[in-house]
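Given next are the chains, with one letter for each unit.
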Amino acid sequence: MKKVIITGATGMVGGIVLRKCLESPEVSHVTSISRRTTGVKHEKLTEILRKDFLDLSTLSDHFKGIDIAYFCLGVYTGQVPNDLFKTITVDYTKSFADALKAESPDAHFCFLSGEGADPKEKSRVAFARFKGMAENYLIQQEFGALHIFRPAYIYPVEKREEPNISYRVFRRLYPIMKALYPAGEITSEQLGQAIFQTGLSKGPEEVILSNVAIKALL
């Protein structure tokens, strides 16, 4: 039986990972740390609302004895100013990782990143540069296991209000994209399933999983 901690459970992919954790007989307890409520009630779920992710020291007890950490928190490009985008993408990741490392250094850390993340941290694209920073920090921590997921375009299985015009265009073109370039797409359900099942297992030898590698797990 696994003890899980998750952040980003109110998001498109994190919500799927949370659902699968609660449904799984292999998971005994789930702690969700988020900025707003998931609205989910379950006997296995402890939900903690936290506005300040930069200081998680007061939540140390919730990081003890964790077997799997699913970090699915993020924000879309253009939704917030660049400095806040960096705070959410890089600093929140570091804060969460530090809290987990202090109490459960042998945990399996599953991190939702994105295609194009730049490990050299020099890209002019903020998303690529900041995701690269976050990934590098996690690799340095040497958790019991680490898997970094770099999906391409994520097709939302459930209908939603798209965050920007690019996503509205991609949603309309999805049937064509799926037929002509399957390596460039993955559904939210597929991604959530891949992240969830990788956390439960030792996962593949590769730490960084491309979109093609993620789909191969299914």
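Given the structure is predicted, the values throughout are model-derived calculations rather than measurements.

**Student:** Outline the overall build of the protein, listing residues and values.
**Tutor:** Helix and strand content of the protein: six helices and nine strands. Relative to its length of 218 residues, the protein is compact, with a C-alpha radius of gyration of 16 Å against a globular reference of 17 Å. Oriented by its inertia axes, the alpha-carbon framework of the protein measures out at about 45 × 40 × 35 Å. A total of 218 residues make up the protein; the buried ones form 48% of that total. Contacts spanning at least 24 positions in sequence make up 68% of the contacts within the protein whose residues lie at least 6 apart. Total accessible area computed for the protein in this model is approximately 10,900 Å², and 53% of it derives from carbon and sulfur atoms.

**Student:** Tell me what's going on with the nonpolar core, and back it up with residues and numbers.
**Tutor:** Core analysis: the largest hydrophobic core is formed by 32 residues, its most contacted members being I5, F63, F96, L100 and F109. Breaking this core down by element, the ones donating at least two residues are strand 4 (68–71), helix 2 (82–103), strand 5 (108–112), helix 3 (126–141) and strand 6 (145–149). Examining the composition of this core, we find that eight residues originate from one element, helix 2, more than from any other. Setting aside residues up to four positions removed in sequence, I5 forms contacts with T31, I33, H62, F63, I66, I68, A69, Y70, F96 and L100. Of all hydrophobic cores here, the second largest spans 26 residues; its members include V13, V17, F149 and L209.

**Student:** Now, about the side chain of N136: what can you tell me, with residues and values included?
**Tutor:** Summarising the element assignment, N136 is placed in helix 3. Take N136: its relative accessible area is 17%, and that puts it in the buried class. Excluding its chain neighbours within four sequence positions, the residues that come into contact with N136 are P119 and E121.

**Student:** Report on the environment of T10, specifying residues and quantitative values.
**Tutor:** Positionally, T10 belongs in the loop between strand 1 (2–7) and helix 1 (12–23). In this structure the C-alpha to C-alpha distance between T10 and R36, which are 26 residues apart in sequence, comes to 7.3 Å. Other than its neighbours up to four places away in sequence, T10 contacts S34, R36, T37 and T38.

**Student:** Can you tell me about the packing of helix 2 against helix 3, naming the residues and giving the values?
**Tutor:** Relative orientation of the contacting elements helix 2 and helix 3 amounts to 10°, with a least axis distance of 10 Å. Judged by the inter-axis angle, helix 2 sits roughly parallel to helix 3. The residues of helix 3 that touch helix 2, namely those facing N82, F85, K86, T89, V90, T93, K94, A97, D98 and K101, are A126, F127, R129, F130, K131, M133, A134, Y137, L138 and Q141. Residue composition of the contact of helix 2 with helix 3, grouped by class: ten nonpolar, four polar and six charged.

**Student:** Before we move on, can you summarise the sheet that holds strand 4 with the specific residues and values?
**Tutor:** Strand order in the open sheet made by the seven strands is 3-2-1-4-5-6-9, with parallel pairing throughout. The open sheet has two free edges, formed respectively by strand 3 (45–49) and strand 9 (208–209), since each of these has just one partner strand. Inspection of the sheet shows strand 1 paired to strand 4 by four bridges, in the parallel sense. Residue pairing for strand 4: T7 is matched across the bridge by F71. Where helix 3 meets the sheet, it contacts strand 5, strand 6 and strand 9, and its direction lies at approximately 175° from that of strand 5. Against the sheet, helix 5 (residues 188–200) contacts strand 1, strand 2 (27–34), strand 4, strand 5 and strand 6, and its axis sits at roughly 165° relative to strand 5.

**Student:** Outline the packing of helix 1 against helix 5, listing residues and values.
**Tutor:** At a minimum axis distance of 8 Å, the contact between helix 1 and helix 5 shows a crossing angle of 55°. Relative to helix 5, helix 1 is oriented oblique. Handedness of the crossing formed by helix 1 with helix 5: right-handed. On helix 5, the residues that touch M12, V13, I16, V17, R19, K20 and C21 of helix 1 are S188, E189, L191, G192, Q193, I195 and F196. Across the contact of helix 1 with helix 5, the residue classes break down as eight nonpolar, three polar and three charged.

Reading the values: the criteria
- Residues numbered from 1 in each chain as written.
- Predicted model: local features only at pLDDT ≥ 70, side-chain atom pairs only at ≥ 80, totals over all residues.
- Heavy atoms only, no water.
- Helix = DSSP H or I, 4+ residues; strand = E, 2+ residues; numbered from the N terminus.
- Rg over C-alpha atoms; globule rule 2.2 N^0.38 Å.
- Buried < 20%, exposed > 50% of the residue type's maximum accessible area, 1.4 Å probe, protein only.
- Contact = heavy atoms within 4.5 Å.
- Areas by Shrake-Rupley, 256 points an atom, 1.4 Å probe, with all protein chains shown as cover.
- Core = buried A, V, L, I, M, F, W, Y, C linked by side-chain atoms within 4.5 Å.
- Axes fitted to C-alpha atoms, helices over the stretch in contact; angles between N-to-C directions.
- Parallel < 35°, antiparallel > 145°, perpendicular 65-115°, else oblique.
- Nonpolar A, V, L, I, M, F, W, Y, C, P; charged D, E, K, R; others polar.
- Pairing = 2+ DSSP bridges.
- Left-handed = near helix turned anticlockwise from the far one by under 90°.

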